[in-house]
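Working through the structure, step by step
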Amino acid sequence: MTDFKSFYDKLRASVKENLPKTELDERKAEQFYILCDCLIEQNKKINLTAITDIDSIIVKHIVDSVAVIDYIPENSRVIDVGCGGGFPTLPIAIMRADVHITALDSTAKKLNFVECCSQKCGLSNVETLNIRAEEASKLEQYRESYDIAVSRAVARLNILSELCIPFVKIGGEMLALKGNSSKEEFEEAKNAFFKLGASKTELILYSVKFGQESLERGIVRTKKTASTSAKYPRQFSKIKKAPL
């Protein structure tokens with residue numbers, strides 16, 4: 001792990017280049033430094049990410065996750081569906097202390113990492129939930145109770161929508177962070193959005209600079225305008241076999 005000053009300079013430069021409206025103070029940079037250190041060390045023990053060098057973590061995990069924060073209303077209750085190694089949960093929690101975020105994943109080891117890292121970063125706005133998404137959203141305490149459902153690198157959008165939208169209250173949104181297949185997936189998922197009660201949709205395209213590369217990214221916003229039918233979500237095997 002590099003020293004903090006070098007890390008801070010790299011992080012600040014990447015945020016300035018890719019997210020010029022985003023303010024990054026030294027305290028937040030310290031928390032991101034702790035996050036990177038935890039990620040690199042724990043990844044030696046459990047498989048959290050294939051991205052392990054600092055430059056890639058900064059751009060492909062931190063900046064990529066922070067890109068979504070401007071679309072999250074103040075004081076929102078957020079659920080990260082399939083949080084994995086804590087992205088975008090941890091960057092959102094670091095950048096937005098006003099937001100309370102539930103990190104949901106079916107793998108306990110990954111949630112243990114999220115909890116440990118949250119504590120080391122001094123975050124008090126993160127909780128974890130160890131359950132499958134399609135099971136959790138059938139439970140009264142979670143169904144249609146979140147302002148925002150966010151997800152990154154979990155599944156294609158027509159599958160992901162059925163896992164996320166049932167968590168969202170009417171008037172709330174699903175925010176899906178997607179890569180260079182954003183346009184294709186957005187068109188593919190329009191029928192799913194409609195069936196799940198999200199009739200207002202938007203695709204925001206942008207790029208992230210990584211050295212000499214320009215990485216294509218997209219944020220899919222789907223606003224929920226009607227309650228999701230009780231028949232959704234289906235069992236995951238059915239969702240995967242026959243997406244809406």
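Coordinates for the structure precede this section.
Residues numbered from 1 in each chain as written. Predicted model: local features only at pLDDT ≥ 70, side-chain atom pairs only at ≥ 80, totals over all residues. Heavy atoms only, no water.

With that settled, consider the overall build of the protein. The helix and strand tally for the protein stands at 10 helices and 7 strands. Scaling as 2.2 N^0.38, a compact globule of 244 residues should have a C-alpha radius of gyration of about 18 Å, and the protein matches this with 17 Å. Expressed along its principal axes, the backbone C-alpha trace of the protein runs to roughly 50 × 35 × 35 Å. Expressed as a percentage of its 244 residues, the buried residues of the protein come to 54%. Carbon and sulfur atoms provide 47% of the accessible area of the protein, an area that totals close to 11,300 Å². The protein carries 36 positive and 33 negative side-chain charges, and their two centres are separated by 5 Å. (Helix = DSSP H or I, 4+ residues; strand = E, 2+ residues; numbered from the N terminus. Rg over C-alpha atoms; globule rule 2.2 N^0.38 Å. Buried < 20%, exposed > 50% of the residue type's maximum accessible area, 1.4 Å probe, protein only. Areas by Shrake-Rupley, 256 points an atom, 1.4 Å probe, with all protein chains shown as cover. Lys, Arg positive; Asp, Glu negative; His and termini not counted. Charge placed at Lys NZ, Arg CZ, Asp CG, Glu CD.)

What follows covers the sheet that holds strand β3 (residues 126-130). Taken together, 7 strands build an open sheet; the order of strands is β3-β2-β1-β4-β5-β7-β6 and the sheet is mixed. Of all the strands in the sheet, just β3 and β6 (200-210) have a single pairing partner and so form its edges. Neighbour-to-neighbour, the strand axes of this sheet turn through a mean angle of 20 degrees, independent of strand direction. Bridge count for strand β5 (residues 168-178) against strand β7 (residues 213-223) is 6 bridges, and the pairing is antiparallel. (Pairing = 2+ DSSP bridges. Axes fitted to C-alpha atoms, helices over the stretch in contact; angles between N-to-C directions.)

As a further point, take the layout of surface pockets. The calculated volume of the largest pocket comes to roughly 530 Å³. G82, G84, D105, A153 and V154 are the residues nearest the centre of the largest pocket, which is lined by 26 residues in total. Mapped onto the lining of the largest pocket, the elements with two or more residues apiece are β2 (100-105) and α6 (133-136). Residues belonging to the lining of the largest pocket are distributed by class as follows: 13 nonpolar, 8 polar and 5 charged. (1 Å grid on protein atoms, 1.4 Å probe; cavity = no way out; pocket = protein on both sides within 12 Å on 5 of 7 lines; lining within 4 Å. Points joined across faces, edges and corners; volume = space filled by probe spheres on them. Nonpolar A, V, L, I, M, F, W, Y, C, P; charged D, E, K, R; others polar.)

Turning our eyes to something else, we now look at helix α2 (residues 26-42). Think of an α-helix as 3.6 residues a turn; residues three or four steps apart then line up on the same face. For α2, with 17 residues, the first-to-last C-alpha span of 24 Å sits near the 24 Å given by 1.5 Å per residue. Among the residues of α2, those classed as buried are K28, A29, Q31, F32, L35, C36, C38, L39 and I40. The elements touched by buried residues of α2 are α1 (4-18), α3 (54-66), α4 (89-95) and α5 (108-121). For α2, the N-terminal capping position is held by D25, with its side-chain oxygen 3.2 Å away from the main-chain nitrogen of R27. (Expected span 1.5 Å × (residues − 1). Contact = heavy atoms within 4.5 Å. Polar contact = N/O pair within 3.5 Å; in protein donor to acceptor, adjacent residues only side chain to side chain.)

Moving on to the pattern of salt bridges. Tallied over the entire structure, the rule returns 19 salt bridges. Ionic pairing is found between D98 and R96, a salt bridge with its closest N-O pair at 2.8 Å. The class of D98 is partly exposed, set by a relative accessible area of 28%. Linking K169 and D147 is a salt bridge whose minimum nitrogen-to-oxygen distance equals 3.4 Å. You can see K169 sitting in strand β5 and its partner D147 sitting in strand β4 (residues 146-152), a full 22 residues away along the chain. (Salt bridge = Lys/Arg side-chain N within 4 Å of Asp/Glu carboxyl O.)

Across the 6 residues that make up β2, a large majority, 5, are buried. In this structure, strand β1 (residues 77-81) lies alongside β2, joined through 5 bridges in parallel fashion. Counterpart to I79 in the pairing with β2 is T102. Read from β1 through α4 to β2, the crossover connection turns out right-handed. Here β2 pairs with β3 via 5 bridges, running parallel. Each residue of the ladder has a partner; that of D105, found in β3, is N130. The parallel pair β2 and β3 is bridged by α5, and the resulting crossover is right-handed. (Right-handed = clockwise from strand over helix to strand, strands pointing away.)

Looking now at unusual backbone geometry. Note the cis peptide between F87 and P88, where omega equals 15 degrees. Of note, the amide linkage connecting Y232 to P233 takes the cis form, showing an omega dihedral of 0 degrees. Note that P233 resides in the loop between β7 and α10 (236-241). The backbone of N75 shows a phi angle near 60 degrees, a positive value even though the residue is not glycine. In this structure, N75 sits in the loop between α3 and β1. Residue N75 is classed as exposed on the basis of its relative accessible area of 54%. Unlike most non-glycine residues, E144 shows phi in positive territory, near 50 degrees. Judged by relative accessible area, E144 falls into the partly exposed class, the value being 23%.

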